[in-house]
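For reference, the chains in residue letters:
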Amino acid sequence: MTNREKYDAAFMETFAIEKNKLTGLEYMSIPEWDSVGHMSLIAELEDSFEITMDTDDIIDLSSYEKGIEILKETYKIEI
């Protein structure tokens, strides 16, 4: 499984959405991505990529695209 597939799967599984809904997805733009859903997403990403995210990164992950940026710049994970 590629890193993109892992990343997409974390969103799709956490929020029970299809892949075509990922682009442009933002925090609170769907009912599932509330504060509880956000922490579930973070847990899934941490498990998938075997990382521990910093609090600032957890707070800053406000969209599908921002998550890619954070993983790439902070954790050196190419998505």
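Note on numbering: residues in each chain are counted from 1, in written sequence order. Only residues with pLDDT of at least 70 are given local features in this predicted model, and only at 80 or more are side-chain atom pairs given and counted; all residues enter the totals for whole chains, interfaces and linings. Water and hydrogen atoms were dropped before computing side-chain values, which therefore reflect all heavy atoms in the structure.

Draft legend 1. View of the environment of M53. Secondary structure elements are defined from DSSP: runs of H or I of at least 4 residues count as helices, runs of E of at least 2 residues count as strands, and each element is numbered from the N terminus. Along the chain, M53 falls in the loop between α2 (35-49) and α3 (55-60). M53 gets classed as buried once you look at its relative accessible area, which sits at 6%. Each C-alpha atom, one on M53 and one on K6, is 16 Å from the other, the two residues being 47 residues apart in sequence. Residues within four places of M53 in sequence aside, it is in contact with I42, E46, I58, L61, I70 and Y75. Throughout this description, buried means an accessible area under 20% of the type-specific maximum (1.4 Å probe, protein chains only), exposed means over 50%, and partly exposed covers the range between. In this description, contact between two residues means that some pair of their heavy atoms is separated by no more than 4.5 Å.

Draft legend 2. Inspection of the pattern of salt bridges at higher detail. Salt bridges are defined as contacts in which a side-chain nitrogen from Lys or Arg sits within 4 Å of a carboxyl oxygen from Asp or Glu. Within this structure, the stated rule accounts for two salt bridges. Residues K19 and D8 are paired through a salt bridge, measuring 3.5 Å at the closest nitrogen-oxygen approach. A residue pair is termed long-range when its members are at least 10 positions apart, and K19 in the loop between α1 (3-15) and α2 and D8 in helix α1 qualify at 11 residues. Residue classification places K19 among the exposed residues on the basis of a relative accessible area of 52%.

Draft legend 3. Geometry of the packing of aromatic side chains. Pairing of aromatic side chains here covers Phe, Tyr and the six-membered ring of Trp, requires ring centres within 6.5 Å, and sorts the geometry by plane angle: under 30 degrees stacked, over 60 edge-to-face, intermediate tilted. For the structure shown, the criterion picks out seven aromatic pairs. Ring plane angle 85° and centroid distance 6.0 Å describe the contact between Y27 and W33, whose orientation is recorded as edge-to-face. Following the ring pairs from residue to residue traces out a cluster consisting of Y7, F11, F15, Y27, W33 and Y64.

Draft legend 4. Summary view of the side chain of D8. Judged by its relative accessible area of 2%, D8 is buried. Under this definition, polar contacts are N or O atom pairs within 3.5 Å; protein pairs additionally need one hydrogen-donor-capable and one acceptor-capable atom, and for neighbouring residues in sequence, both atoms have to be side-chain atoms. At a separation of 2.4 Å, a polar atom in the side chain of D8 contacts the side chain of Y64.

Draft legend 5. Spotlight on unusual backbone geometry. With phi around 55°, E50 is a residue other than glycine that occupies positive phi space. Along the polypeptide, E50 turns up in the loop between α2 and α3. Despite not being glycine, K76 shows a phi value in the positive range, around 55°. Along the chain, K76 turns up in the segment after α4 (64-75). You can call K76 exposed: its relative accessible area is 66%.

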